[in-house]
Amino acid sequence: MRLAFVGKDPDSNPTGSPTVYRTDREGWRVTDPEALAQMDIPGGETAVEIPDRMIQFFRQEGRDAGNG
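Numbering of residues starts from 1 in each chain and follows the order in which that chain's sequence is written. Residue-level local features of this predicted model are given only where pLDDT is at least 70; pairs of side-chain atoms are given and counted only at 80 or more, and the full residue set underlies all totals for whole chains, interfaces and linings. For the side-chain quantities, the full set of heavy atoms in the structure was used; hydrogens and water were omitted.

## Things to note about the overall build of the chain
Inference 1: A helix here means a DSSP run of H or I that spans at least four residues, while a strand means a run of E at least two residues long, and both kinds are numbered starting from the N terminus. Looking only at helices and strands, the chain features 1 helix and 2 strands.
Inference 2: For the chain, the sequential pattern of α-helices and β-strands runs β-β-α.
Inference 3: Burial classes: relative accessible area under 20% of the type maximum marks a residue as buried, over 50% as exposed, and values in between as partly exposed (1.4 Å probe, protein chains only). Taken across its 68 residues, the chain has 16% of its residues classed as buried.
Inference 4: Sequence-distant contacts, at least 24 apart, represent 24% of the contacts inside the chain between residues at least 6 apart.
Inference 5: Working note: accessible area of the chain is about 5,600 Å², and carbon and sulfur atoms make up 50% of it. Any two residues whose heavy atoms approach within 4.5 Å at even a single point are treated as in contact. To measure how exposed things are, a 1.4 Å probe is used in the Shrake-Rupley method; for residues, cover is taken only from the protein chains shown.

Given below as structure tokens:
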């Protein structure tokens with residue numbers, strides 16, 4: 001699996017979570033030990049993969065306040 005760092009939430013302290021990485025595969029919960037070893041994940045947290053086709057649902061442009 002290829003893993004590429006995209007960015008961290010600049011307003012989250014002290015750890016900068018959430019953090020976004022991009023992979024070359026689709027999946028949900030990341031369980032691959034090699035992939036997890038490349039990420040700095042705080043204890044009690046995990047990583048999930050979001051397919052590129054789902055990114056459109058994370059954009060806030062055009063959304064009404066309070067509607068997600």
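## Here we look at the layout of surface pockets
Inference 1: Here the largest pocket is characterised by a volume of approximately 810 Å³.
Inference 2: Cavity and pocket criteria rest on a 1 Å grid covering protein atoms alone: a 1.4 Å probe that fits but cannot get out defines a cavity, protein on both sides within 12 Å along at least 5 of 7 lines defines an open pocket, and an atom within 4 Å of a point defines a lining residue. Lining of the largest pocket is provided by 27 residues; of these, T19, V20, Y21, V48 and I50 occupy positions nearest its centre.
Inference 3: Elements that contribute at least two residues to the lining of the largest pocket include exactly β1 (3-8) and β2 (19-23).
Inference 4: Element by element, the count of residues in the lining of the largest pocket is highest for β2, at 5 residues.
Inference 5: Residues are grouped as follows: Ala, Val, Leu, Ile, Met, Phe, Trp, Tyr, Cys and Pro are nonpolar; Asp, Glu, Lys and Arg are charged; every other residue, Gly included, is polar. Within the lining of the largest pocket, the residues separate by chemical class into 15 nonpolar, 4 polar and 8 charged. Grid points are joined across faces, edges and corners, and a volume is the space filled by probe spheres set on the points.

## Thoughts on the packing of aromatic side chains
Inference 1: Between the rings of Phe, Tyr and Trp (Trp by its six-membered ring), a pair exists once the centres lie within 6.5 Å; its type follows the angle of the planes, with under 30 degrees stacked, over 60 edge-to-face, and the other angles tilted. Throughout the structure, instances matching the rule amount to 1 aromatic pair.
Inference 2: Ring geometry for F5 and Y21: centres 5.8 Å apart, planes at 75 degrees, overall edge-to-face. Pair noted here: F5 is in strand β1 and Y21 is in strand β2, with a separation of 16 residues, a long-range link.
Inference 3: Judged by relative accessible area, which is 52%, F5 ranks as exposed.
Inference 4: A relative accessible area of 25% means that Y21 is categorised as partly exposed.

## Let's talk about a nonpolar patch on the surface
Inference 1: In this analysis, a patch consists of residues with relative accessible area above 30% that form no salt bridge, clustered at 9 Å for like charges and at 5 Å for the nonpolar side chains Val, Leu, Ile, Met, Phe, Trp and Tyr. The rule for a salt bridge is simple: a side-chain nitrogen of Lys or Arg has to be within 4 Å of a carboxyl oxygen of Asp or Glu. Judged by side-chain polarity, V48, I50, I55, F57 and F58 come together as a nonpolar surface patch covering roughly 490 Å² of accessible area.
Inference 2: The residue I55 is located in the segment after α1 (33-38) in this model.
Inference 3: The class of I55 is partly exposed, set by a relative accessible area of 34%.

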